[in-house]
Amino acid sequence: MRDDNWNSQGHTGMSPVPEHHRSASCSKRWSANCSNRWPPTSIQSFPPGVFPAQLVPRADRATDGNGSQLRAPQCADPPTITTTPTSPIRAMSDKEGIRKEVVSAFKLRTLYFKKRDALDYIVVALLGRDGQYRKTSLEILLNYLSKQNLNSAFLELKTVASAVDICLRGTYFESDNLLQIIDIFDVPCITYSEELRKIVEVPKKSVYLSKTDDLSVALRRRYKLVHQRVARTEGTNFSTFYTIEALLGNAKKVDGVSVLATFHQFEGKKFFVTDTTGTMEVNIANATYADGLFFEGGLYIFTGTYDHYLFLVDHVRLPTVESGKQSREKFGRENWFGGSNPIAACFLTDLRVACHRQMDAKIVVLSDVFLDRNDVLRALHKMVTGFATCPPVAFILIGNFCSRPEYHKSDELIYEGFKKLARIIDLQKAFYTKTDWIIVPGPEDPGLSQVLPRPGMDQDYFELLSGIPNVSFVTNPVRLQYANQEISICRADVIDKMCRNPIHVPDNTEQIASNFCKTICGIGHMCPLPYSLQPIAYSLDHTMYLYPLPDLVILADKFEKFIGEVSECVIANPGSFSRSNFDFYVYYPANRKVEQSYIDVDL
């Protein structure tokens, strides 16, 4: 047996010694310097065509005792080195095994190779990967190819090479611009499959008019994502977890019971918990609470004693949180955040390197930008002028955009405000040719009612800023990808509603911000309130997920500004730009830091 690719690279029994170094004296010197490391006992760990330089026996690498390079005169015969004959055979055996595995996997997807070169391209890319890693890589490649609009089931080298470079080699060719805006209607809808035991993408309905069945489907998907995380992170403690159906079928008293369920209040002062299997009455009179915000409709872990159809709760806590990195280590590299690339941004080496190279890159975030107030416009003018010398990657302007939304002519005030904003930017637009202007609507801006998610603002406002490059009127919420980082942005007054509908008031009210951060990360949702308090389109509930946790969550709330971090996820509320000293946040992706800033209009 012989491997043509191996031999074509010169890896035979004869060492690749240059012609001008063939001498007897060279042979002796070369042998003395390399005898301690040549020939190698095995080289099967190196793929065909790749031979480490430190193992290549070259005469021009020989040195004397002082470390100076030795040069040899011309000679007739080079030294003969015999390598281990099992190396190319072993490499060929690995390639044949991978080749059969690839062909078999592609046939299951009814995909074939037009020529052998396309198959060999995949085989070479998979060499050096162990069994499970190779299977995962192959599955990612197949999923990507299955989503492409292929003209034929017979794949050519060009199609395969492009897919391999994107999926297996972390190469990103989409655009030179590292910032990508992900429309909320393009966000994949994910759920946990109990049969496959992994996160899967399911068909989505990107419509606002939802059916009654969509409510139960949305709640079940949200519950399953949290339940699978708790089942893994709790470890041996998960043996104490019961479903409500299992408890109701138990006629005996059971101590030390844990239940993952949502909390509700029905029939006056009676309280109930609900999971996907049923509903059960609970008594929380003597319960203690861990850190977090606990409100009706929240998803929590209840621990206590079950006795004759009544659950006596001793302790209530949030579901266990895991970082985005831990989630992806379990479920692979698929992109569930959204965007054009099938691989999650954090796995793309080119983007990670590009992010660290842009040390001065920054994103400016403002919320409650009242364009109908002259002092706000003056502050914006000063900010745009000040950043002209070092323009940021993006300005994110978040609503509300009117200080008097109840005024019957508020639409006209906002229209005039955007017209003035366009003039302010136009004066400095030569400095902002590569800066994105992202406009996120607030809950009281013109458009749909309080239902989330909200589409972008009306086209009339976009026409006012049509002369400004890179302006985007996006949805609320919206997702951004900068280089290898994932950013979720939402404008909603959530904290106040959580605090007005509590089942437990924290002892330390100064910890509301940190407890809020732990709550939304534990429940895995940017707005985990009941739909009666914060309406959400049932079919679009997945757009509010925080799973896996992104790098940055900007939740613009009228609550006071704060910065928190939970499991490597930074959570920031910039507060109100117009109701404060024109405070805003600046985010530096390279070091994942959020900096508080303000504008002094008197200077």
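- Per an unreviewed UniProt entry, the protein chain goes by the name DNA polymerase II subunit 2 and belongs to Steinernema glaseri.
- What UniProt records for the protein chain under Sequence similarities (unreviewed entry) is the sentence "Belongs to the DNA polymerase epsilon subunit B family."
- Among the UniProt annotations of the protein chain, the heading Subcellular location (unreviewed entry) holds the following wording: "Nucleus".

## Some details on helix H4 (residues 116-126)
1) Next: Of the positions making up H4, those classed as buried are Ala118, Leu119, Ile122, Val123, Ala125 and Leu126. Take H4 and look down its axis: the buried residues cluster within an arc of 165°, on one side only.
2) Next: The first or second residue beyond H4 is Gly128, which carries a positive phi of 85°.

## Points about the pairing of strand S17 (residues 478-482)
1) Next: Extensive coverage of S17 is indicated by the burial of five of its five residues.
2) Next: Burial of the side chains of S17 extends over both faces: Val478, Leu480 and Tyr482 are buried on one face and Arg479 and Gln481 on the other.
3) Next: When strand S3 (residues 179-182) meets S17, the two strands line up antiparallel, connected through four bridges. Its bridge partner being in S17, Ile181 is matched across the sheet by Leu480.
4) Next: Across five bridges, the pairing between S17 and strand S18 (residues 485-491) is antiparallel. Counted as the bridge partner of Arg479 is Ser488 from S18.

## Section: the nonpolar core
Proteins that are soluble and globular tend to have nonpolar side chains buried together.
1) Next: If you look at the biggest cluster of nonpolar residues, it comprises 59 residues, and the most contacted ones within it are Phe516 and Ile571.
2) Next: It is helix H15 (residues 512-523) that provides the largest number of residues to this core, a total of seven residues.
3) Next: Split by domain, the residues of this core number at least three in each of domain 2 (189-334) and domain 3 (335-339 + 346-492 + 534-598).
4) Next: Ignoring anything within four residues of it in the chain, the contact list for Ile571 reads Cys517, Ile520, Cys521, Val553, Phe562, Ile563, Gly564 and Val566.
5) Next: Listed in part, the 37 residues of the second largest apolar core include Cys402, Ala422, Val471 and Phe577.

## Side note on the packing of H4 against helix H6 (residues 157-167)
In helix packing, the relevant descriptors are the interaxial angle and the interaxial distance, both defined with respect to the helix axes.
1) Next: Axis separation between H4 and H6 bottoms out at 8 Å; the angle between their running directions is 15°. With respect to H6, the element H4 is oriented roughly parallel. Relative to H6, H4 is oriented so that their crossing is right-handed. When H4 is examined against H6, the residues Asp117, Ala118, Tyr121, Ile122 and Ala125 are found in contact with a partner set consisting of Leu157, Val160, Ala161, Val164 and Asp165.

## Topic: the pattern of salt bridges
1) Next: A complete count under the given rule lists 20 salt bridges for this structure.
2) Next: A salt bridge links Asp120 to Arg99; its shortest N-O distance comes to 3.0 Å. With Asp120 in helix H4 and Arg99 in helix H3 (residues 86-108), this pair connects stretches of sequence that are 21 residues apart.
3) Next: Judged by its relative accessible area of 10%, Arg99 falls in the buried class.
4) Next: In the salt-bridge network here, residues are joined through shared partners; they are Glu96, Arg99, Arg116 and Asp120.

## Remarks on the packing of aromatic side chains
1) Next: Inspection of every chain in the model, using the stated rule, returns 25 aromatic pairs.
2) Next: Aromatic side chains Phe106 and Phe113 sit 4.9 Å apart centroid to centroid with 40° between the ring planes, which places their arrangement in the tilted category. In this structure, Phe106 and Phe113 share a single accessibility class: buried.
3) Next: For the pair Phe395 and Tyr432, a centre-to-centre distance of 5.7 Å together with 70° between the ring planes defines the contact as edge-to-face. Taken as a pair, Phe395 in strand S14 (residues 394-398) and Tyr432 in the loop between helix H12 (410-427) and strand S15 (436-440) lie far apart in primary sequence, 37 residues in all.
4) Next: Three or more aromatic residues link up through ring pairs in this structure, and these residues are Phe263, Phe271, Tyr289, Phe294, Phe295, Tyr300 and Phe302.
5) Next: Note that Arg479 overlies the ring of Phe337, its terminal NZ or CZ placed 4.9 Å from the centroid.

## With respect to the pairing of S15
1) Next: Of all five residues making up S15, five are buried, and the element is well covered by its neighbours.
2) Next: Here S15 shows no split at all, with Asp436, Ile438 and Val440 on one side and Trp437 and Ile439 on the other all buried.
3) Next: Both S14 and S15 contribute to a ladder of five bridges, which runs parallel. Across the sheet, residue Leu397 finds its bridge partner in S15, namely Ile439.
4) Next: Chirality of the crossover, the property in question, places the unit of S14, H12 and S15 among those that are right-handed.
5) Next: Pairing between S15 and strand S16 (residues 471-473): three bridges, direction parallel. Across the sheet, Ile439 pairs through a bridge with Phe473, a residue of S16.
6) Next: With helix H13 (residues 459-464) bridging S15 and its parallel neighbour S16, the resulting β-α-β unit is right-handed.

## Observations concerning the sheet that holds strand S23 (residues 583-588)
1) Next: Spatially, the six strands line up as an open sheet ordered S16-S15-S14-S13-S23-S24, and their pairing is mixed. Here the strands that pair on one side only, and so sit at the sheet edges, are S16 and strand S24 (593-598). This sheet shows a mean twist of 20° between the axes of neighbouring strands, independent of strand direction.

## Details of the sheet that holds strand S22 (residues 569-573)
1) Next: The strand order across the open sheet formed by six strands is S3-S17-S18-S20-S22-S21, and the pairing between neighbours is mixed. Unpaired on one side and paired on the other, S3 and strand S21 (562-566) mark the two borders of the sheet. Each strand axis lies, on average, 20° off the axis of its neighbour in the sheet, ignoring direction.
2) Next: In this structure, S21 lies alongside S22, joined through five bridges in antiparallel fashion. Bridged to Phe562 within S22 is Asn573.

Rules and cut-offs
Residues numbered from 1 in each chain as written. Predicted model: local features only at pLDDT ≥ 70, side-chain atom pairs only at ≥ 80, totals over all residues. Heavy atoms only, no water. UniProt positions renumbered as here; feature names shortened; annotations may be inferred. Buried < 20%, exposed > 50% of the residue type's maximum accessible area, 1.4 Å probe, protein only. Helix = DSSP H or I, 4+ residues; strand = E, 2+ residues; numbered from the N terminus. Arc of directions from axis to C-beta. Pairing = 2+ DSSP bridges. Core = buried A, V, L, I, M, F, W, Y, C linked by side-chain atoms within 4.5 Å. Domains from an automatic or database assignment. Contact = heavy atoms within 4.5 Å. Axes fitted to C-alpha atoms, helices over the stretch in contact; angles between N-to-C directions. Parallel < 35°, antiparallel > 145°, perpendicular 65-115°, else oblique. Left-handed = near helix turned anticlockwise from the far one by under 90°. Salt bridge = Lys/Arg side-chain N within 4 Å of Asp/Glu carboxyl O. Phe/Tyr/Trp six-rings, centres within 6.5 Å; stacked < 30°, edge-to-face > 60°. Lys NZ or Arg CZ within 6 Å of the ring centre and 35° of its normal. Right-handed = clockwise from strand over helix to strand, strands pointing away.

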